[in-house]
Amino acid sequence: MDVYVDKPKCTGCQHCFDVCPVAVFQMKGRDDADVNSDNAPDSMKWKGTTDAAVKKKWEGVNDGHKHFAEANDGSSGGISVGVNGSACILCQACLIECEGECIHITDDTGAKYVSIYK
Ligand code: SF4
Ligand code: SF4
């Protein structure tokens, strides 16, 4: 299984990190050197610019999670990286919890899954 995050769409809500039973995700600061260390294609790498539509949808939402904060404080903020995709069991928990609809999973047959917010 390969798991990566479309970084410009990641709000930093940390839902993926919280729900994944096998620790596929790590939250990184947006300035961290390894923020692009999963297999996201170039168009989905973090280059300092947030997707405008995602920002408009989530920047004013007060649901107890930080949105678009530079760094993770242990509860939310920063950006998610799929650091351990080989452990994914395709439980799909992250796929319905992802605010930015930005998690991409490819299984071992090549089938692709993209998160859609519940
Ligand atoms: S689908 Fe994979 S990456 Fe997502 S929560 Fe389940 S095990 Fe973790
Ligand atoms: S659930 Fe989606 S938007 Fe939230 S931190 Fe994870 S990848 Fe980013």
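This text goes with the structure placed above it.
Since we're looking at a predicted model, the values are computed, not measured. (Residues numbered from 1 in each chain as written. Chains lettered and ligands numbered in written order. Predicted model: local features only at pLDDT ≥ 70, side-chain atom pairs only at ≥ 80, totals over all residues.)

1. Some points on the site of ligand 1
Piece 1. Taken together, the neighbourhood of ligand 1 is formed by 13 residues, with C20, V24, C88, C91 and C94 sitting nearest.
Piece 2. Split into classes, the residues belonging to the shell around ligand 1 amount to 12 nonpolar, 1 polar and no charged. (Near = placed C-beta within 6 Å. Nonpolar A, V, L, I, M, F, W, Y, C, P; charged D, E, K, R; others polar.)

2. Some remarks on the site of ligand 2
Piece 1. Close contacts around ligand 2 come from 15 residues, with C10, C13, C16, C98 and G100 the closest.
Piece 2. Across the shell around ligand 2, the residue classes break down as 7 nonpolar, 6 polar and 2 charged.

3. Some words on the environment of G64
Piece 1. With respect to the secondary-structure elements, G64 resides in the loop between helix 2 (52-58) and strand 3 (79-82).
Piece 2. Along the sequence, G64 and S75 sit 11 residues apart, while their C-alpha atoms lie 9.3 Å from each other. (Helix = DSSP H or I, 4+ residues; strand = E, 2+ residues; numbered from the N terminus.)

4. Overview of the sheet that holds strand 1 (residues 2-5)
Piece 1. Reading across the sheet, the 3 strands line up as 1-4-5 and stay open at both edges, with antiparallel pairing between neighbours. Of all strands in the sheet, those with a lone pairing partner are strand 1 and strand 5 (112-114), marking the two edges. Geometrically, the sheet is characterised by an average inter-axis angle of 15 degrees between neighbouring strands, direction not taken into account.
Piece 2. Here strand 1 pairs with strand 4 (residues 103-106) via 4 bridges, running antiparallel. Counterpart to D2 in the pairing with strand 4 is T106. (Pairing = 2+ DSSP bridges. Axes fitted to C-alpha atoms, helices over the stretch in contact; angles between N-to-C directions.)

5. Re the pairing of strand 2 (residues 25-28)
Piece 1. Where burial is concerned, the two faces of strand 2 agree: the one with F25 and M27 and the one with Q26 and K28 are both buried.
Piece 2. Examined bridge by bridge, strand 2 and strand 3 share 4 bridges and lie antiparallel to one another. Bridging across to strand 3, Q26 finds its partner in V81. (Buried ≥ 20, exposed ≤ 12 C-beta atoms within 10 Å, placed from the backbone.)

6. Describing the nonpolar core
Piece 1. With 20 residues, the main nonpolar core has V3, V5, C16, C94, C98 and I103 as its most contacted residues.
Piece 2. Those elements giving two or more residues to this core turn out to be strand 1, strand 3, helix 3 (93-97) and strand 4.
Piece 3. With 3 residues, the top contributor of residues to this core is strand 1.
Piece 4. Those residues in contact with C16 that lie beyond four places of it in its chain are F25, S80, C94, E97, C98 and I103. (Core = buried A, V, L, I, M, F, W, Y, C linked by C-beta atoms within 7 Å. Contact = placed C-beta atoms within 7 Å.)

7. Some points on the pairing of strand 4
Piece 1. Here strand 4 runs beside strand 5; their pairing, made up of 3 bridges, is antiparallel. In the sheet register, I105 faces strand 5, and the bridge partner there is Y113.

8. Topic: unusual backbone geometry
Piece 1. Even without being a glycine, L90 presents a positive backbone phi close to 55 degrees.
Piece 2. Here L90 is to be found in the loop between strand 3 and helix 3.
Piece 3. Notably, Q92 is not glycine yet its phi reads approximately 75 degrees, a positive angle.
Piece 4. Of note, Q92 is situated in the loop between strand 3 and helix 3.

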